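# Summary of structural features
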Amino acid sequence: MCCSFRSFMKRRTSTSPPLPKYPKMTPGLTDNSLAAPTLDTSAQPAVANGEDYSSSLSDVVVVGAGPAGLMLADNLVRFGIKTRIVDNRPDRTSTGRADGIQPKSIETLRQMRLAEPLLRKGVRIYDIAFWKSTAEKSLHRTGREIHYPPVVDLLDPYILLVHQGMVEDIFIDDLSERGVEVERSTAFVDLEYTPQNNRPLTINCTQDDKTPKSYGARYLVGCDGAHSMVRKQIPDSTPVGASSDAVWGVLDGVLDTDFPDIWSKVVVHSDELGSVLMIPRERNMTRLYIELKPGSIETSFKERHTQEFVQKRAQEIMYPYRVQWSTVEWFGRYQIGQRVAARFTDDDQTVFIAGDASHTHSPKAAQGMNTSIHDSWNLAWKLNLAVRGLAKPCLLQTYEQERKKIAEDLINFDYEHANAFAAGDPAALAANFTKNVSFISGYGVSYDLNVLNVRTELSLGALQSGYLLPPAKVTRFIDANPVDIQTDIPALGQFRIYFFSHNVHDSMSFLDTVSGAHQSRNSYVGRASAAANASNTIQPPLAATHDQFVCPERYTTVSPLFTYALVTDMDRNNFEISQLPPFLRDSRWTLYLDDAADKDTRKQTCLDKWLGGLADGEVAVLNVRPDGYVGTLKKWADGSRESGVEAVKWMDGYYSQFLHDA
């Protein structure tokens, strides 16, 4: 069970050394109003409530500094959660490993305002070429496919190719700006449950010189790979699945070749020798996955799978085209295994696993790193609310419910995809890809109905509970900038509440009623905001220098828990911000005009795409989770006060399922 909010408020809450912070929530709430936050750029004290930020006590300890661990730690630190991240490696990843970032992951990094360095440096793949050789016919192209056909509504319809270390670097650098460093050469050993303590977990590690080191924490998350030591601490969490006999070699390097499709993603199959997957990479490099077919004496022993042997096999499969390496940056081998851990958390919801610790599969569909960081994306905001005493126990329970289903969906897809790849059947491979293209992109990853994803009364356009928001273009009222509405609000751990109306004046009674209720303690949402306000006053989000350019304080003006937004197709000249209810006046950066259909991926307005249209006089309300998934939505026939009262009760009913209000 979560601690009470009162007892939580007595605890130390700082996360790192002195740095600017945002926003400091002003204490002293009255019964009828919520204090507006103000930007505080003063230094954060190194000691608060008697607990030094550098002590061995943490809210969360993350084991493993790969993409999953770094994504989790970076979000938690941003939210203001005292987080420690340890890794048994002495250095960060410098070459190789995972390489493909899918469209949904690009969007997620946009929401974190971290995408630009990767977009600038990476290679974009828009198509796939299929090649084949048989005993009767030498290597030849059998077809081409668009990688992401228009059937999937994508803002970024490509895979972005960069090596794993580049992805890790953006998180490491962001953490460093916030005063948090990875503790390297530190290996997790085991844990002890000490429920009587302020931090109920004691986490035991050893450093490189075998010096033992222990940390106290409220939560432990293992992002420590396929052989996870943290997973072994969760009873009955054994991975379930199987391994293939197939062994693959992987090479990153600069090629000297006359092969014509080197800058496309290429699938090559030789009936006799196996397959090659060729992918262009940053800095003029190319990655080759080379199948080392089982069955022959020369490929039966892993010790014979040297770099030279793998290069020779690639040359044989690619014949008659010349393939030589000017340089080789990284070489590796792997055996395909498709497994999902039986459990992702312990009975007490205090120990979790994410990334490869919870699921493994083949790398050829570029899903591993993407699925792993979205495990952490799902878990981070839930842990933030749990640490703050704002979450009911059922909220953390949704992590395993949601992410285990995705891991199982991924394994099922990967099994079909790997078999089609190994069979060398371009038609079967293309059919498998087409069937799963939405899932592969990340936009088709959906969650079942639960306390967070509540069935709507009717189908409203493209929006469905448990699904992501599709891209839509609108104009930001305050500065007339065209923006992508689904990414315009940065990731701050907040729920987003959108209101939709054709005529703002006709909806004013509805909006006034909601505003009054949500800015007082007369509604559950208002009381939850007050509790979050008090928590954030003591344990504020932790800013970095570059946040000056994100200006997160624009989105926390009303509440640290909710960002409010209004979408209307009313003419900009027919209303003023000053005429809106207080919670929308203060949310001036999230007022949107639905007048940019010409810039949309489908040439649709937001109202049409998201809601399937809106009748005159109707008002719609959309609740969006902090990770960008639709929670629930509803329409009202008019903008009256009575409809506003119903909307307040409806939102109270939704949020009271998983949030504490005091």
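Cut-offs applied
Residues numbered from 1 in each chain as written. Predicted model: local features only at pLDDT ≥ 70, side-chain atom pairs only at ≥ 80, totals over all residues. Heavy atoms only, no water. UniProt positions renumbered as here; feature names shortened; annotations may be inferred. Helix = DSSP H or I, 4+ residues; strand = E, 2+ residues; numbered from the N terminus. Buried < 20%, exposed > 50% of the residue type's maximum accessible area, 1.4 Å probe, protein only. Contact = heavy atoms within 4.5 Å. Areas by Shrake-Rupley, 256 points an atom, 1.4 Å probe, with all protein chains shown as cover. Phe/Tyr/Trp six-rings, centres within 6.5 Å; stacked < 30°, edge-to-face > 60°. Patch = residues over 30% accessible without salt bridge, like charges linked within 9 Å, V, L, I, M, F, W, Y side chains within 5 Å. Salt bridge = Lys/Arg side-chain N within 4 Å of Asp/Glu carboxyl O. Lys, Arg positive; Asp, Glu negative; His and termini not counted. Charge placed at Lys NZ, Arg CZ, Asp CG, Glu CD. Core = buried A, V, L, I, M, F, W, Y, C linked by side-chain atoms within 4.5 Å. Domains from an automatic or database assignment. Pairing = 2+ DSSP bridges. Axes fitted to C-alpha atoms, helices over the stretch in contact; angles between N-to-C directions. Parallel < 35°, antiparallel > 145°, perpendicular 65-115°, else oblique. Left-handed = near helix turned anticlockwise from the far one by under 90°. Nonpolar A, V, L, I, M, F, W, Y, C, P; charged D, E, K, R; others polar. Expected span 1.5 Å × (residues − 1).

- By the naming in an unreviewed UniProt entry, the protein goes by FAD monooxygenase-like protein and is assigned to Pleomassaria siparia CBS 279.74.
- If you open the UniProt record of the protein and go to Sequence similarities (unreviewed entry), you find "Belongs to the PheA/TfdB FAD monooxygenase family."

### Things to note about the overall build of the protein
- Counting its regular elements, the protein contains 16 helices and 26 strands.
- In the protein, which comprises 662 residues, the proportion classed as buried is 62%.
- Within the protein, residue pairs in contact and separated by at least 24 positions form 73% of the contacts whose partners lie at least 6 positions apart.
- In the structure as shown, the protein presents an accessible area of about 24300 Å², 49% of it carried by carbon and sulfur atoms.

### Details of the packing of aromatic side chains
- As enumerated under the stated definition, the model contains 27 aromatic pairs in all.
- Considering the side-chain rings of Trp-381 and Phe-495, the 5.6 Å spacing of their centres and the 85° angle between planes classify their relative orientation as edge-to-face. Within this pair, whereas Trp-381 is found in helix H7 (residues 368-387), its partner Phe-495 is found in strand E22 (residues 495-501), the two being separated by 114 residues in sequence.
- Taking the relative accessible area as the measure of exposure, Trp-381 reaches 2% and is therefore buried.

### Some details on unusual backbone geometry
- Each neighbour pair has its own omega, and for Tyr-319 with Pro-320 the value is 15°, a cis peptide bond.
- By the element assignment, Pro-320 lies in the loop between helix H6 (307-318) and strand E17 (323-341).
- Positive phi, normally seen in glycine, also occurs at Asn-284, with a value near 65°.
- On the secondary structure map, Asn-284 appears in the loop between strand E15 (274-280) and strand E16 (286-292).
- Here Gln-349, not a glycine, exhibits a phi torsion of approximately 55°, which is positive.

### Here's the deal with a negative patch on the surface
- A cluster of acidic residues, Asp-569, Asp-571, Asp-595 and Asp-608, forms a negative patch on the protein surface.
- One can find Asp-608 in helix H15 (residues 606-611).
- Since its relative accessible area comes to 40%, Asp-608 is described here as partly exposed.

### What about the nonpolar core?
- Ranked by internal contacts, the top residues of the largest apolar core, which has 114 residues, are Leu-220, Leu-383, Phe-499, Met-651 and Tyr-655.
- Among the elements that make up this core, the one with the highest residue count is H7 (10 residues).
- Residue-level mapping places this core at the junction of two domains, with at least three residues from each of domain 1 (54-121 + 162-240 + 338-441) and domain 2 (467-656).
- Look past the residues within four positions of Tyr-655 in its chain and what remains in contact with it is Phe-495, Ile-497, Tyr-524, Val-525, Phe-562 and Asn-623.
- Residues Leu-161, Val-437, Val-445 and Leu-468 belong to the second largest nonpolar core, which totals 34 residues.

### Some details on the sheet that holds strand E9 (residues 159-161)
- In spatial order, the strands read E5-E9-E6; together these 3 strands make up an open sheet with antiparallel pairing. At either end of the open sheet lies a strand with only one pairing partner, and these are strand E5 (100-101) and strand E6 (123-125).

### Focus on the packing of helix H2 (residues 67-79) against helix H5 (residues 164-177)
- The contact between H2 and H5 brings their axes to 9 Å, and the two run at 20°. Considered as vectors, H2 and H5 are oriented roughly parallel to each other. For the crossing formed where H2 meets H5, the hand is left-handed. Within the contact between the two elements, H2 uses Pro-67, Leu-70, Met-71, Ala-73, Asp-74, Val-77 and Arg-78 and H5 uses Gln-164, Glu-168, Phe-171, Ile-172, Asp-174 and Leu-175.
- Here the contact of H2 with H5 is composed, by residue class, of 8 nonpolar, 1 polar and 4 charged.

### A short note on helix H16 (residues 641-655)
- For H16, with 15 residues, the first-to-last C-alpha span of 21 Å sits near the 21 Å given by 1.5 Å per residue.
- Residues of H16 that are buried in the fold lie against E22, helix H11 (508-518), helix H12 (524-538), strand E23 (562-568), strand E25 (619-624) and strand E26 (630-636).

### Quick look at H6
- Compared with the 16 Å implied by 1.5 Å per residue over 12 residues, the 16 Å span of H6 between its first and last C-alpha is a close match.
- Burial in H6 covers these residues: Phe-309, Val-310, Gln-311, Arg-313, Ala-314, Ile-317 and Met-318.

### Description of the sheet that holds E25
- Spatial ordering of the open sheet is given by E21-E20-E24-E23-E22-E25-E26, a layout of 7 strands whose pairing is mixed. Among the strands making up the open sheet, the edge pair consists of strand E21 (482-484) and E26. In this sheet, adjacent strand axes meet at a mean angle of 30° when their direction is disregarded.
- Bridge count for strand E20 (residues 473-476) against strand E24 (residues 591-593) is 2 bridges, and the pairing is antiparallel. Residue pairing in the sheet places Arg-476 in a bridge with Tyr-592 of E24.
- Contacts between H16 and the sheet are confined to E22, E23, E25 and E26, with E26 contributing the most and set at about 165° to the helix.

### Focus on the pattern of salt bridges
- Overall, the coordinates contain 40 salt bridges when judged by the stated rule.
- Between Lys-132 and Asp-271 there is a salt bridge, with the nearest N and O atoms lying 3.2 Å from each other. Pair noted here: Lys-132 is in strand E7 (residues 127-133) and Asp-271 is in the loop between strand E14 (265-270) and E15, with a separation of 139 residues, a long-range link.
- Looking at Lys-132, the relative accessible area reads 17%, which means it is buried.
- Given the relative accessible area of 39%, Asp-271 is considered partly exposed.
- Of the charged contacts in the structure, one is a salt bridge between Arg-178 and Asp-174, with a shortest N-O distance of 3.0 Å.
- The exposure class assigned to Arg-178 is buried, which follows from its relative accessible area of 1%.

### Some details on the pairing of E22
- E22 sits mainly inside the fold: 7 of its 7 residues count as buried.
- Residues Phe-495, Ile-497, Phe-499 and Ser-501 line one face of E22 and the alternating positions Arg-496, Tyr-498 and Phe-500 line the opposite face, and both faces are buried.
- Here 7 bridges tie E22 to E23, and the two strands are oriented parallel to one another. The residue of E23 that forms the bridge with Ile-497 is Tyr-564.
- Sheet topology note: the E22/E25 ladder contains 6 bridges and is antiparallel. Considered in E25, the bridge of Ser-501 is made with Val-619.

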